[in-house]
Amino acid sequence: MPPSIREIVLQSWRRSERLGGVSNLKRAPCVGEEALARTRRENRSLRRAARSALDHSGYLLKDAGAMLLLCDREGVVMDMAGDPGVLERGRENHLAEGGRWDESAIGTNAIGAALHTRRAVEISGVEHFAEEIQRWTCAAAPILHPATGDVLGVIDVSGPVESGQPHGLAFSSTLALQMEEALRHEMESERRRLLEGLLRRRSLWREDDLILFDRFGAEIYATERFARTASEIGDFEGWRANSAWGEGVLNEKFREDLAAALPGAQVEVIQEREEPLGLLIALRRARARGRSPEAKAAAGEPDLAWIAGGGAEMARLCADARRLARDSRAILIEGETGAGKETLARALHQEAGGDRGGVFEILACGLLSVERLREEAGPRGLAERLARQGGALCLDEPAETPPEAQSALMELLRAVRLRPEAPVWIYTLSTRDLAAEAEGGRIRRELYYRLAGARLTAPPLRARREEIPRLILRFAEEAAARSGDKPLRFTPAALARLKAHEWFGNIRELRNLVETLSSVSLNRLADLRDLPPEIAPPRREVSEETLRDREKAEILAMVAAVDGNLTEAAKRLGVARSTLYLKLDSYGFRRAPARR
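Each value, and the rule that gives it
Residues numbered from 1 in each chain as written. Predicted model: local features only at pLDDT ≥ 70, side-chain atom pairs only at ≥ 80, totals over all residues. Heavy atoms only, no water. Helix = DSSP H or I, 4+ residues; strand = E, 2+ residues; numbered from the N terminus. Polar contact = N/O pair within 3.5 Å; in protein donor to acceptor, adjacent residues only side chain to side chain. Axes fitted to C-alpha atoms, helices over the stretch in contact; angles between N-to-C directions. Parallel < 35°, antiparallel > 145°, perpendicular 65-115°, else oblique. Left-handed = near helix turned anticlockwise from the far one by under 90°. Contact = heavy atoms within 4.5 Å. Nonpolar A, V, L, I, M, F, W, Y, C, P; charged D, E, K, R; others polar. Buried < 20%, exposed > 50% of the residue type's maximum accessible area, 1.4 Å probe, protein only. Pairing = 2+ DSSP bridges. Disulfide = S-S within 2.5 Å.

Enquirer: Sorry, what's going on with the environment of Glu336 here?
Expert: Structurally, Glu336 can be placed in the loop between β10 (330–334) and α14 (341–351). Among the polar contacts made by the side chain of Glu336, one reaches the side chain of Arg462 at a distance of 2.5 Å.

Structure, rendered in C-alpha cells:
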C-alpha cells in the first residue's frame, strides 16, 4: 500500500478486502440477457435522460480512446458508446453491457465507489483492487433523482490507463448534472399530466377524499380531509414510509400492502404507454345520515329531494327517478353536455341505498382499453368490489368506447351481473342518441341492449332558468367552503343577465363561471362588469355622430310622413319652423320654393 494512497481509495480497498477472493478476478460478473432486459425496462426514465448524452458524447469519444458507460443503481452496465476499439477491449473484462461493477462484485472501481460514496470518483490503474482491472482508468459520477435525492445510477468515462483521462472526472460530473436536469424536466411534465388527468376526474372531488402521488412517492395533490379520513380507517403513514416507489408501483405486493393499510380504498395506477406515471388513492367519506337536502347540496352531494326543488320540470324528473331507483337496475340518462347527468346518477345512487356504503364507480368510456377492462373484470378488479359491496357502475359516454374494447366492456358488465352479493345498479350517461349510434354501427347492438333500460332525460339549463339563482348560491357556497372565504354574492343586474344567458355549456358552464369569479373577487360581490364578455357584452358608448344620425333620420322621416309640409312637420317635432329649416339645410335637404 503506497503512502500516497488517497483516503477514498484506501477505504474502498478495506471494504474490498473483507469480501475475499475479489483481487484474483479477471472480469466483473455479468448478468444474463433476460436480467439485462428487465434492468433496462425498470430504468426507462434514466435511459431516456441519458440518451442525448450517449449519442453526442459517444460521437465525441469515437476517436478519443475512451468510452461512456451508463449503469443502474446496482452497477449493471445498461448502455455504452465511444471508441469502437476501446468498447471491444472493455468486453474482455465485462466492462460492457450486462457487466456488474458495484464494489461487492469486483472490488475497488470508479462505478462501485461512486455508488457507495454518492460522489464523483476517479480510479486509475493500480488503484483498482483486482489486478486485471488495473489496466483501466475510470471516472464515474452518480446520477441523483432531482426530487428524492436517491441514487438512480452512474455515468462513467473509461479508457486504457496508458491513454490517460485528464478531464474524465469533470466530463462525467457534467454529464450527470445534464441527466439530472433532463429527469427534472420529465418529472415536471409528468406531474402536469397527472394534475390534468385529476381535473378530468373532478366529479370524484365531491364524494371522495383523494391523494395523488407521482411514481416516486412525491405528493402532487390531496384533499384537505384525506389525512384525517386515512387515519380513521388504517395505517396510511406507515405504508407510505415503507413502500418502494418508482417502477414498483406496478408491483402486486405494493398494491396488496396498500389494500391492507387502507381497507376499502380505491386505487388507480395512472399509466401512459404502459409506464406508471403516478398513483391515485380515493377514500369514501363517512356520511352523516339524516342530513337535510340543503346540507347535502352544500357538501356537493345533492339528492333527489334537492334537485326536485328546481321547478316543475325537475320535480317531474325526480318523481320518475324515484320510481326507477326502486324498480330498475339499468338506467340510461340522456342530455346535453354539462346538463347534470352525473349529479342525477349520484342522487339516484343515494336514493337506491348509497348512504349504506355501496360504492359508486364511474368509467370514462372513451379512455378504456381492453387491458384495463379485463383487469377490472378480474379477481381483484372493479367487478369484485361491486359484487362484494354493492353499489353503482356509471358508464360515461359508452358510444365513445373504442371498437376493440366494446367486447371487453360487455365482459365487465357480465362479470358485474354474474356474482353480486349485494345489489348493483348500472347507470349510463350519454349526450348522444344511443339507439342511433347502435343503428349506425358505432356501438355494438348487444352492448346497447345491455345499457338501454329505463330512460331519463336531463333538461338543459336554458329550459329551467328559474333554477339558476339557486344553483349559483350552491356553487358559491361550495367554492367558499374550499377557500375559506365568504360566499360570492351577485347584484340583481348580474343575476338577471345570468338568467337570460343561453348556457350552451349548461350547469358545468355555470359552475365554472361561479368558481372563477369566486377565486378572483376581492369584495365578494359580482356585478355586470365582472361577467365575461360572452355573457354580458360591454356597453358601447353612444357617440355624438350616432346621435346626429338618429336625429337626421327622425326629422327626414317626419317630413316624408307629412308629404313635405314643413309647418306640420315642425309642429309634430315640437320645434320652431326656423329651427327645422336650419336642420334641413345642414342635411343638404332641398326645400320646395315658397309659393307667391
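More follows now that the structure is in view.
Enquirer: Would you mind showing me how to read the packing of helix α20 (residues 468–483) against helix α21 (residues 492–500) here?
Expert: For any two helices packed against each other, the geometry comes down to the angle between their axes and how far apart the axes lie. Their axes nearest at 10 Å, the elements α20 and α21 cross at an angle of 115 degrees. One way to sum up the angle between α20 and α21 is to call them roughly perpendicular. In this structure, α20 crosses over α21, and the sense of that crossing is right-handed. Only Leu495, Leu498 and Lys499 of α21 make contact with α20, whose side of the interface consists of Ile468, Pro469 and Ile472. Grouping the amino acids of the contact of α20 with α21 by side-chain chemistry returns five nonpolar, no polar and one charged.

Enquirer: How should unusual backbone geometry be read in this particular structure?
Expert: Phi is mostly negative for residues that are not glycine, and the peptide bonds are mostly trans. Phi is positive for Arg118, close to 60 degrees, though the residue is something other than glycine. Mapped onto the elements, Arg118 comes out in the loop between α6 (110–117) and β3 (121–124). For Trp503, which is not glycine, the phi torsion reads 55 degrees and is therefore positive. The topology assignment puts Trp503 in the loop between α21 and α22 (506–520). Look at Trp503 and you get buried, because its relative accessible area is 0%.

Enquirer: Sorry if this is basic, but what is going on with the sheet that holds strand β4 (residues 136–144) here?
Expert: Across the sheet, five strands lie side by side as β2-β1-β5-β4-β3; this open sheet has antiparallel pairing. With one partner strand each, in any of the chains shown, β2 (77–82) and β3 form the two edges of the open sheet. With strand direction ignored, the average angle separating the axes of adjacent strands in the sheet is 20 degrees. The sheet contact formed by strand β1 (residues 67–72) and strand β5 (residues 151–160) spans six bridges and is antiparallel. Across the sheet, Leu69 pairs through a bridge with Asp156, a residue of β5.

Enquirer: Help me understand the state of the cysteines, please; the structure alone is not making it clear to me.
Expert: A covalent bond between the sulfur atoms of two cysteines is referred to as a disulfide. One pass over the full model with this rule turns up zero disulfides. Free cysteine Cys71: the closest other cysteine sulfur is in Cys138, separated by 9.9 Å. Free cysteine: Cys365, not disulfide-bonded; nearest cysteine sulfur from Cys394 at 8.7 Å. Overall, the relative accessible area of 0% leaves Cys365 in the buried class.

Enquirer: Quick question: what am I supposed to make of the packing of helix α16 (residues 382–389) against helix α17 (residues 406–418) here?
Expert: Close contact between α16 and α17 brings their axes to 8 Å; oriented N to C, the two are set at 25 degrees. Taken together, the axis directions place α16 and α17 in an arrangement best described as roughly parallel. Remark: the crossing between α16 and α17 carries right-handed chirality. The residues of α17 that touch α16, namely those facing Leu382, Ala383 and Leu386, are Leu412, Ala415 and Val416. For the contact of α16 with α17, the class distribution of residues is six nonpolar, no polar and no charged.

Enquirer: Just to check I follow, could you spell out the sheet that holds strand β14 (residues 454–457) for this structure?
Expert: By definition, the strands of a sheet pair up through backbone hydrogen bonds, in either a parallel or an antiparallel sense. Ordered by their spatial adjacency, five strands build an open sheet running β11-β12-β13-β10-β14, and the pairing between neighbours is parallel. In this open sheet, the two strands that pair with only one neighbour each are β11 (359–364) and β14. Between one strand and the next, the sheet's axes are offset by a mean angle of 20 degrees, whatever the strand orientation. Pairing of β10 with strand β13 (residues 424–430) involves five bridges; the strand directions are parallel. Its bridge partner being in β13, Glu334 is matched across the sheet by Ser430. Packed onto the sheet, α14 meets β10, β11, β12 (391–396), β13 and β14 and runs at close to 165 degrees relative to β13.

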